[in-house]
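Chain residues, written in single-letter form:
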Amino acid sequence: MSLTKRDDAHIWHPLTQHQTASPPLGIVKTLGARLIDQHGKSYIDGIASWYTAMFGHCNPYIIQAMTKQMQTLDFVMFSGFTHAPAIELSEKLVAILPDNQQKIFFNDNGSTAVEAAIKMAIQYYDNKSQKRDTLIAFEDGFHGDTFGAMSASGLSSYNGPFEDFLLKVKRIPTPQKDNLQQVLSALKTILQTNKCAGFIFEPLVQGAAGMKFHTPEGLDALIAICKAHDVVCIADEIMTGFGKTGTNFAVDQLQHKPDIMCLSKALTAGMFPLSITSCTQEIFDGFLSDQVHKGFFHAHTYSAHPVGCAAAIASIELLGSPDILKQQDYIAKAHQVFAAKIQQHPSVKQVRCKGVILAIELAVEMERYGDLRNELYEFFMDRGVALRPLGNTVYVLPPYVISNQELDTIYKAIQQVLAHYNK
Ligand SMILES: *Cc1c(COP(=O)(O)O)cnc(C)c1O
């Protein structure tokens, strides 16, 4: 029986309306920037499997590190015990994170990293006998699907049934060139009229919203105001982290550094579910007390899994290697050349790039083309390119190891899409 048939018997897929969705495609092998399906057809992974597999699928260097780790120490509880992989990873992270990030808390996925960050911010003030009950977040942000993370997310299309159960969140638009004063004054009003614990944001690029950008100057100004009001600033770098935006972290392009950061996805290069909530010494110190309950009583069973830590250590080693730096530079430049080439195309509403991220908003009326997203998805898959368009936005965020030819194949497929819709 085919994988698709067996899948249908028992599997419930994420983000899927099973009554109408086309059956999922069985993938049998991955290698470098390639996915191979059950019929032997090869696809270029144009978004690195949700921006995780940045060093290529089945990267031998990472596999070797994980193999060695799982043969000596598979897993132990992380309360009461510690181990070298977690310690080495904490050292490696602190070395590349902004200077103010000093403490590393381990979780097992992006949403739980955000959940821990939000709980840290709330308890930080509670420990000082301050009840702060409000979070500030951007419109159209995405921070995950657990309750706290879902509350912070402004992309509300999936949150309907849960709206009455969410945390209190006040929203501001992202800062653009033409709206900074309005956004700043909206923030000030929120700060004056609410007891705010934290400001959570995806720095510089909102991924799930359709790879939307905002200005570093604007974000800097917002963080500065929050800091002046003693509000904890939380940078969700789960998408942007580890070299996507032209710097290791998007906040490297800011003057003001966040108090807390959330990392996952490329952290383990698609090899293992693991995530990090890092914070400043000051946040950590806010939990020190003679009273036990002022500690951070939050844990996931698989916290700091040694095999995941080994994958992350190997990934960070690759991140700093000359080969990867060269590839990041090459992809960023290739994106800019391609963007300039298609900018004036009648099917293009807007094209933007930042680092290895390229996003093209199509000038296509959604109504006219019905389910445009699915149509685009199929169009690319037919041409051996795996992308997941967000509405009318096609984006490319390839593994750093992608070859010139593979990147060209993606660009060619995009040009065919543009020609297809230019009628
Ligand atoms: C993917 C993502 C999350 C959620 O991570 P999961 O591992 O899917 O729970 C949170 N924030 C951002 C910015 C993301 O891109």
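Residues numbered from 1 in each chain as written. Predicted model: local features only at pLDDT ≥ 70, side-chain atom pairs only at ≥ 80, totals over all residues. Heavy atoms only, no water.

**Q** What exactly am I supposed to notice about the overall build of the chain here?
**A** Across its full length, the chain carries 13 helices and 16 strands. A globule of 423 residues ought to have a C-alpha radius of gyration of about 22 Å, and the chain, at 22 Å, matches this closely. In terms of overall dimensions, the chain has C-alpha extents of about 65 × 55 × 45 Å along its principal axes. Counting every position in the chain, which comprises 423 residues, the buried fraction comes to 51%. Nonlocal contacts in the chain, meaning residues at least 24 apart in sequence, comprise 71% of its contacts between residues at least 6 apart. Element-wise, carbon and sulfur atoms account for 54% of the exposed surface of the chain, whose accessible area totals about 19700 Å². Within the chain, the 41 negative side-chain charges are centred at a point lying 3 Å from the centre of the 36 positive side-chain charges. (Helix = DSSP H or I, 4+ residues; strand = E, 2+ residues; numbered from the N terminus. Rg over C-alpha atoms; globule rule 2.2 N^0.38 Å. Buried < 20%, exposed > 50% of the residue type's maximum accessible area, 1.4 Å probe, protein only. Contact = heavy atoms within 4.5 Å. Areas by Shrake-Rupley, 256 points an atom, 1.4 Å probe, with all protein chains shown as cover. Lys, Arg positive; Asp, Glu negative; His and termini not counted. Charge placed at Lys NZ, Arg CZ, Asp CG, Glu CD.)

**Q** Is there a simple way to explain the site of the ligand in this structure?
**A** Contacts to the ligand come from Asn109, Gly110, Ser111, Phe142, His143, Gly144, Glu202, Asp236, Ile238, Met239 and Lys265. Here Asn109 contributes a side-chain N or O atom positioned 3.4 Å from an oxygen atom of the ligand. Between an oxygen atom of the ligand and a main-chain N or O atom of Gly110, the distance comes to 2.8 Å. Protein coverage of the free-state accessible area of the ligand, which is 380 Å², stands at 81%. In terms of residue class, the shell around the ligand is built from three nonpolar, five polar and three charged. (Near = heavy atom within 4 Å. Polar contact = N/O pair within 3.5 Å; in protein donor to acceptor, adjacent residues only side chain to side chain. Nonpolar A, V, L, I, M, F, W, Y, C, P; charged D, E, K, R; others polar.)

**Q** So what exactly am I meant to see when it comes to the sheet that holds strand 3 (residues 42-45) here?
**A** Across a sheet, strands are paired by hydrogen bonds formed along the backbone, either parallel or antiparallel in direction. If you trace the four strands from one edge of the open sheet to the other, you get 1-2-3-15, paired in mixed fashion. The sheet is open, and its two edges are formed by strand 1 (27-31) and strand 15 (385-386), each paired on a single side. Relative to strand 15, strand 3 is paired through two bridges, and the arrangement is parallel. Bridge assignment links Ile44 to a residue of strand 15, and that residue is Val385. (Pairing = 2+ DSSP bridges.)

**Q** Quick question: what am I supposed to make of the domain arrangement of the chain here?
**A** The parts lose accessible area when they come together, and the size of an interface is often stated as this lost area. For the chain, the domain assignment lists domain 1 (3-59 + 323-420) and domain 2 (63-319). One C-alpha centre belongs to domain 1, the other to domain 2; they are set 27 Å apart. Residue-level contacts link 23 residues of domain 1 with 23 residues of domain 2. At the boundary of domain 1 with domain 2, total buried surface from both sides reaches about 2100 Å², with 70% on carbon and sulfur atoms. (Domains from an automatic or database assignment. Buried area = accessible area lost by both parts, 1.4 Å probe.)

**Q** What's the story with the packing of aromatic side chains in this structure? I'm lost.
**A** By the definition in use, this model includes 13 aromatic pairs. Geometrically, the ring pair formed by Phe78 and Phe106 is edge-to-face, given 5.5 Å between the ring centres and 80° between the ring planes. Taken together, the residues span a long stretch of sequence, with Phe78 in the loop between helix 3 (60-72) and helix 4 (84-96) and Phe106 in strand 4 (residues 103-107) at a distance of 28 residues. When its relative accessible area of 5% is taken as the criterion, Phe106 is described as buried. With centroids separated by 5.2 Å and ring planes inclined at 65°, the aromatic side chains of Phe105 and Phe296 adopt a geometry described as edge-to-face. Of this pair, Phe105 sits in strand 4 while Phe296 sits in the loop between helix 9 (281-285) and helix 10 (306-319), and the two are 191 residues apart along the sequence. One aromatic cluster in this structure is built from Phe105, Phe287 and Phe296. (Phe/Tyr/Trp six-rings, centres within 6.5 Å; stacked < 30°, edge-to-face > 60°.)

**Q** Honestly, the pattern of salt bridges in this entry has me stumped. Any pointers?
**A** Between side chains of opposite charge, a pair can form when the charged atoms approach closely. One pass over the full model with this rule turns up ten salt bridges. A salt bridge links Asp259 to Lys227, with the shortest nitrogen-to-oxygen separation between them at 3.4 Å. Taken as a pair, Asp259 in the loop between strand 10 (232-236) and strand 11 (260-263) and Lys227 in helix 8 (residues 216-228) lie far apart in primary sequence, 32 residues in all. Among the salt bridges present, the one from Lys349 reaches Glu361, with a minimum N-O distance of 3.6 Å. Pair noted here: Lys349 is in strand 13 (residues 348-354) and Glu361 is in strand 14 (residues 357-362), with a separation of twelve residues, a long-range link. Several salt bridges share partner residues, and in doing so they unite Glu88, Lys92 and Glu317 into one network. (Salt bridge = Lys/Arg side-chain N within 4 Å of Asp/Glu carboxyl O.)

**Q** Help me out: how do you make sense of the side chain of His305 in this one?
**A** Structurally, the position occupied by His305 is in the loop between helix 9 and helix 10. In this structure His305 comes out as buried when scored by relative accessible area, which is 10%. A distance of 3.1 Å separates a polar side-chain atom of His305 from the backbone nitrogen of Val307. Residues contacting His305, with those up to four places away along its chain left out, are Asp74, Phe75, Phe272 and Leu274.

**Q** Mind showing me how you'd approach helix 3 here?
**A** Side chains that are three or four residues apart share a direction in an α-helix, a result of its 3.6 residues per turn. In a regular helix each residue adds 1.5 Å, so 13 residues correspond to 18 Å; helix 3 covers 19 Å between its end C-alpha atoms and thus fits that length. For helix 3, the complete set of buried residues consists of Ile62, Met66 and Gln69. Each buried residue of helix 3 lies within a common arc of 65° when the element is viewed along its axis, so the set occupies one face. Set apart from the buried face of helix 3 by more than 90 degrees, the exposed residues are Pro60, Gln64, Lys68, Gln71 and Thr72. Where helix 3 is buried, its residues touch helix 4 and helix 10. With a side-chain oxygen positioned 2.9 Å from the backbone nitrogen of Tyr61, the residue opening helix 3 is Asn59. (Expected span 1.5 Å × (residues − 1). Arc of directions from axis to C-beta.)

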